[in-house]
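Coordinate inspection notes
Each chain, letter by letter, is given below.
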Amino acid sequence: QVQLVEFGGGLVQAGGSLRLSCVGSGRTLTMYDMSWYRQAPGKQRELVATTSGGGQNYAVSVLGRATISRDNAKNTLYLQMNSLKAEDTAVYYCNAKSRLIASIEYWGQGTQVTVSS
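A quick note: this is a predicted structure, and the numbers were derived from the prediction, not measured.

Details of the packing of aromatic side chains
What the rule picks out here adds up to three aromatic pairs. Look at Y93 and W107: their rings are 6.5 Å apart centre to centre, the planes differ by 85°, and that puts the pair in the edge-to-face class. Remark: W107 occurs in strand β10 (residues 105-107) and Y93 occurs in strand β9 (residues 90-98); sequence separation between them is 14 residues. With a relative accessible area of 13%, Y93 lands in the buried category. The structure contains a cluster of three or more aromatic residues connected by ring pairs, namely Y37, Y93 and W107. Over the ring of W107 we find R45, and its NZ or CZ is 4.7 Å from the ring centre.

Looking at the nonpolar core
For soluble globular proteins, the rule of thumb is that nonpolar side chains tend to be buried together. Counting 28 residues, the largest nonpolar core has L4, M34, W36, L79 and Y92 as its most contacted members. Counting residues per element, the ones that place at least two in this core are β3 (18-25), β4 (32-39), β5 (46-52), β7 (66-71), β8 (76-81), β9 and β11 (111-116). The element best represented in this core is β9, accounting for four residues. With residues near it in sequence (within four places) discarded, M34 still touches L4, L29, A49, T50, T51, I68, R70, L77, C94, N95 and A96.

Focus: the pairing of β11
A regular strand places its side chains so that they alternate between the two faces of the sheet. A one-sided burial pattern is seen for β11, the buried positions being T111, V113 and V115 and the unburied ones Q112, T114 and S116. Note: strand β2 (residues 10-13) against β11, four bridges, orientation parallel. When the bridges of β11 are listed, G10 appears paired with V113. Alignment of β9 against β11, held across three bridges, turns out to be antiparallel. Bridge pairing in β11 places A90 opposite V113.

Some thoughts on the pattern of salt bridges
Scanning the entire structure with this criterion turns up four salt bridges. Close ionic contact of D88 with R38 constitutes a salt bridge, the shortest N to O distance being 2.9 Å. Of the two residues, D88 sits in the loop between β8 and β9 while R38 sits in strand β4, which places them 50 residues apart along the sequence. Salt bridges sharing partners connect three or more residues here, namely R38, E46, R65 and D88.

Details of the environment of L4
Within the secondary structure, L4 is located in strand β1 (residues 3-7). Residue classification places L4 among the buried residues on the basis of a relative accessible area of 5%. Residue contacts for L4: discarding those within four places in its chain leaves C22, V23, G24, L29, M34, C94, N95, A96, Y106, W107, G108 and Q109.

A word on the sheet that holds β3
Pairing is antiparallel in the open sheet, where four strands are placed in the order β1-β3-β8-β7. Two strands close off the open sheet at either side, each with one partner strand: β1 and β7. On average, adjacent strands in this sheet sit at an angle of 15° to one another, irrespective of strand direction. Bridge count for β1 against β3 is five bridges, and the pairing is antiparallel. Among the inter-strand pairings, Q3 is bridged to a residue of β3, identified as S25.

What counts and how
- Residues numbered from 1 in each chain as written.
- Predicted model: local features only at pLDDT ≥ 70, side-chain atom pairs only at ≥ 80, totals over all residues.
- Heavy atoms only, no water.
- Phe/Tyr/Trp six-rings, centres within 6.5 Å; stacked < 30°, edge-to-face > 60°.
- Helix = DSSP H or I, 4+ residues; strand = E, 2+ residues; numbered from the N terminus.
- Buried < 20%, exposed > 50% of the residue type's maximum accessible area, 1.4 Å probe, protein only.
- Lys NZ or Arg CZ within 6 Å of the ring centre and 35° of its normal.
- Core = buried A, V, L, I, M, F, W, Y, C linked by side-chain atoms within 4.5 Å.
- Contact = heavy atoms within 4.5 Å.
- Pairing = 2+ DSSP bridges.
- Salt bridge = Lys/Arg side-chain N within 4 Å of Asp/Glu carboxyl O.
- Axes fitted to C-alpha atoms, helices over the stretch in contact; angles between N-to-C directions.

Dropping the structure here:
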């Protein structure tokens with residue numbers, strides 16, 4: 001079992017920056033593809049960014065403004081978001097998907113990011 005806990009959400013003004021962290025416990029995350037998702041009120045959960053053996057991928061909406069990274073020694077995933085917009089307001093979730101067994105994945109509880117315009 002893997003437990004994921006997100007940190008770093010909060011209220012930020014438009015144009016500002018935020019760094020989200022996702023700390024894993026229970027197992028090492030080195031054999032997991034890691035992603036950030038977000039869900040805005042009334043909308044479906046959407047993929048923001050992924051880091052895997054193939055590199056990093058980003059949603060078009062955050063391209064150039066977001067950087068996903070991981071520190072395997074700390075079992076931690078990060079999402080740096082710059083030039084924040086009101087439409088970035090959402091609950092952000094950390095996701096870990098096993099590279100060995102595709103059906104195994106874990107979610108964090110989410111952290112709220114609110115961008116004031």
